[in-house]
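Below are the chains, spelled out letter by letter.
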Amino acid sequence: MSIPTAYKQVEYIETTGTQYINTGVIASEYPDPITYEMVCAVTGKSGSSKTDYYWGVTDGSNRSGYLGLSADSAHFDLYCGAGSGAVKTCTSVTFNTALTFTVTASSASAKNATAHINGTAFAAGSTGTNGAHPAGIIWLFACNGISDESGNRRFVGRCYGFTMTAADGTVIRDFVPCYRVDDGVIGMYDTVGGVFYTNKGTGSFRLPPAEDDGTGGDTGGTGGDDKGDDTGGSGTS
């Protein structure tokens, strides 16, 4: 789907491990289960010795279906429901290559969650019990509710797109990587709601080299931390 001419779509935006997007989505408000699909190339690990999270929310007890790269970068883990361990795990970790992660997670039965990488299913993990979706908002490139807010434990890599779809087929978010033409601020445009979402963390998203003006950050911008209410970028798509 096309985006308004006020924005320029790019192949991907790149994170350095300190950026994230507040999606505004509370999973429990939509028909269960929700399917998350992220197309990305993992380029590294944050400075944390713990798991990096790619999207999600936790209230400390219950978790949405969120994906993470393990502390030792040896495997990807899917966490959902209650409990402290990964419900599913994938030991095939490939860096610097575009991968499609597809996760379907239900608050009704965490153990029935599924995760695939390029169509290949993750294996069963160590634990996981039923638990309601947390009431908090899902973050992209990070997990809302993780206590380490020092800028670590967040996705490091390139994101080519991210979607969330409810059980009834309703597309909740369809994020397209882009930048705003008039000031160069980089973010993700949601073609469903017609809203431009920007970095709520620190540092700056990065553009592909062909789109970058040489500053290494937001084209024409001032660092990319556009912390508005994400309502100014609406348009007809």
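Just above sits the structure.
Summary of the structure given here. All values derive from a computational prediction rather than experimental measurement.

Focus: the overall build of the protein chain
Helix and strand content of the protein chain: zero helices and 18 strands. The burial tally for the protein chain puts 52% of its 237 residues in the buried class. The contacts of the protein chain with a sequence gap of at least 6 include a subset with a gap of at least 24, amounting to 67%. Carbon and sulfur atoms make up 48% of the accessible area of the protein chain, which amounts to about 9300 Å² in all.

Thoughts on unusual backbone geometry
Of note, the amide linkage connecting Asp32 to Pro33 takes the cis form, showing an omega dihedral of 0°. By the element assignment, Pro33 lies in the loop between strand S3 (21-22) and strand S4 (34-42). A positive phi is found at Ser73, a non-glycine position, where the angle reads about 60°. Turning to its location among the elements, Ser73 is positioned in the loop between strand S7 (62-69) and strand S8 (76-82). With phi around 60°, Asn96 is a residue other than glycine that occupies positive phi space.

Some thoughts on the pattern of salt bridges
Summed over the entire model, instances satisfying the criterion amount to five salt bridges. Put simply, Arg158 and Glu14 hold a salt bridge, and the shortest N to O gap is 3.6 Å. Of this pair, Arg158 sits in strand S15 (residues 156-165) while Glu14 sits in strand S2 (residues 13-16); the two residues are 144 residues apart in sequence, bridging distant segments of the chain. Residue classification places Glu14 among the buried residues on the basis of a relative accessible area of 17%. Note that Arg180 and Asp182 form a salt bridge whose closest N and O atoms lie 3.8 Å from each other.

Some remarks on the pairing of strand S17 (residues 186-190)
Summarising burial for S17: five of the five residues are buried, a large majority. With five bridges joining them, strand S16 (residues 171-180) and S17 adopt antiparallel strand pairing. Its bridge partner lying in S17, Cys178 is registered against Gly187. Counting the residues between successive antiparallel strands, the hairpin from S16 to S17 contains five residues, one of them, Gly184, with a positive phi of roughly 75°. Across four bridges, S17 lies against strand S18 (residues 195-198) in antiparallel orientation. In the strand pairing of S18, Tyr189 is matched with Phe196. In sequence, S17 turns back onto S18 through a hairpin of four residues, with Gly194 there showing a positive phi of about 70°.

Details of the nonpolar core
Tyr36, Met38, Trp55, Phe76 and Phe141 are the most contacted members of the largest nonpolar core, which totals 55 residues. In this structure, Ile3, Val176, Val185 and Phe196 belong to the second largest nonpolar core, which totals seven residues.

Some details on the sheet that holds strand S9 (residues 88-90)
Taken in spatial order, the five strands of this open sheet run S5-S7-S8-S9-S13, and their pairing is antiparallel. Bordering the open sheet on either side are strand S5 (52-53) and strand S13 (123-124), each of which pairs with just one other strand. Bridging between S9 and S13 involves two bridges; their strand directions are antiparallel. What sits directly across from Thr89, in S13, is Ala123.

Some thoughts on the sheet that holds S3
Taken together, the three strands give an open sheet; going across it, the order is S3-S14-S6, and neighbouring strands pair in antiparallel fashion. The open sheet is flanked by S3 and strand S6 (55-56), the only strands paired with a single partner. Strand direction decides the pairing type here: S6 and strand S14 (residues 139-140), joined by two bridges, are antiparallel. Bridging from a neighbouring strand, Trp55 pairs with Leu140 of S14.

Examining the packing of aromatic side chains
Applying the stated criterion to the full structure yields 16 aromatic pairs. Judged by centre distance (6.1 Å) and plane angle (70°), the rings of Tyr53 and Tyr79 are edge-to-face. With a gap of 26 residues between them, Tyr53 in strand S5 and Tyr79 in strand S8 connect regions that are remote in the sequence. Here Tyr53 falls in the buried class, since its relative accessible area comes to 6%. For Tyr79, a relative accessible area of 8% gives the class buried. Among the aromatic residues, ring-to-ring pairing joins Tyr54, Phe76, Phe101, Phe141, Phe155 and Phe205 into one connected group.

What counts and what doesn't
Residues numbered from 1 in each chain as written. Predicted model: local features only at pLDDT ≥ 70, side-chain atom pairs only at ≥ 80, totals over all residues. Heavy atoms only, no water. Helix = DSSP H or I, 4+ residues; strand = E, 2+ residues; numbered from the N terminus. Buried < 20%, exposed > 50% of the residue type's maximum accessible area, 1.4 Å probe, protein only. Contact = heavy atoms within 4.5 Å. Areas by Shrake-Rupley, 256 points an atom, 1.4 Å probe, with all protein chains shown as cover. Salt bridge = Lys/Arg side-chain N within 4 Å of Asp/Glu carboxyl O. Pairing = 2+ DSSP bridges. Core = buried A, V, L, I, M, F, W, Y, C linked by side-chain atoms within 4.5 Å. Phe/Tyr/Trp six-rings, centres within 6.5 Å; stacked < 30°, edge-to-face > 60°.

What is shown is where atoms sit, not what they do.
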